[in-house]
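Residues per chain are reported as follows:
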Amino acid sequence: LDGIDAENVKKVVLISTGVGVGPCIGAIEKALEKKDFPPIELDASYRTDGEVLFKEHLDALQKENPKRFAWRATVSSKNGRISSNEENLKSIGSSFPADSLDDTHYHLIGNGQMVNEFKAGLAKAGVPEEKVTIEMYFNHKAPVDEDVVE
């Protein structure tokens, strides 16, 4: 939750790949303990259905906190990478309303290629730099695919 100015955003969107979902769960649990923390959406991406981690736990958190937490899994072997098509991209951040780009904090966690592409795309969309935090676990030097950013 470090780096998230919870008092000045209306929602927090966590975007993860693979095992990046693990640290997100701890942050979500901690945030849900705080009654004044804004709603959180987790958009987790996995290669296969078999790699979807903590589904039952995340489903239970969502059921217990329907106005404060939502999550979805994107399975890239079925639906393409989370950044690969308009339908996937439109689903990100769609669970809770926000009035403007300034109202949402994005936290990107996981594969360097995803983190770099989303960071570039969010900047291009006008999301202020201070509203984007990152954690990269590998593939740090992956080039940004400009077609994906567009």
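First things first, this report covers the structure right here in the doc. (Residues numbered from 1 in each chain as written. Predicted model: local features only at pLDDT ≥ 70, side-chain atom pairs only at ≥ 80, totals over all residues. Heavy atoms only, no water.)

## A word on the overall build of the protein
Short version of the rule: A run of H or I in DSSP becomes a helix once it reaches four residues, and a run of E becomes a strand once it reaches two; helices and strands are each numbered from the N terminus. Radius of gyration: over C-alpha atoms. The globule rule applied is 2.2 Å multiplied by the number of residues raised to the 0.38 power. Residue burial is assigned from relative accessible area. The probe radius is 1.4 Å, only protein chains are included, and a residue is buried under 20% of its type maximum, exposed over 50%, and partly exposed in between.
Scanning the protein for helices and strands turns up six helices and five strands. Across the protein, helices and strands are ordered from the amino to the carboxyl terminus as β-α-β-α-β-α-α-β-α-β-α. The C-alpha radius of gyration of the protein comes to 14 Å, within 12% of the 15 Å expected for a compact globule of 150 residues. Among the 150 residues that make up the protein, the fraction classed as buried is 44%.

## Here we look at the sheet that holds strand E4 (residues 104-111)
Heads up, the rule is: The pairing criterion for strands is at least two bridges between them, as found by DSSP. To define axes, lines are fitted to C-alpha atoms, for helices over the stretch in contact only, and angles between the resulting N-to-C directions are given on a 0 to 180 degree scale. Contacts are assigned to residue pairs with any non-hydrogen atoms lying within 4.5 Å of each other.
Across the sheet, which stays open at both edges, the five strands sit in the order E3-E2-E1-E4-E5 with parallel pairing between neighbours. Of all strands in the sheet, those bounded by a partner on one side alone are strand E3 (69-75) and strand E5 (132-138). Taking the axes of each pair of neighbouring strands and ignoring which way they run, one obtains an average angle of 10° across the sheet. Bridging between E4 and E5 involves six bridges; their strand directions are parallel. In the strand pairing of E5, His107 is matched with Thr133. Running over the sheet, helix H1 (residues 21-33) touches strand E1 (11-17), strand E2 (40-46), E3, E4 and E5 and is turned about 165° from E2. Here helix H5 (residues 112-125) sits on the sheet in contact with E1, E4 and E5, set at roughly 155° to E4.

As far as function goes, none of this settles anything; it's purely spatial.
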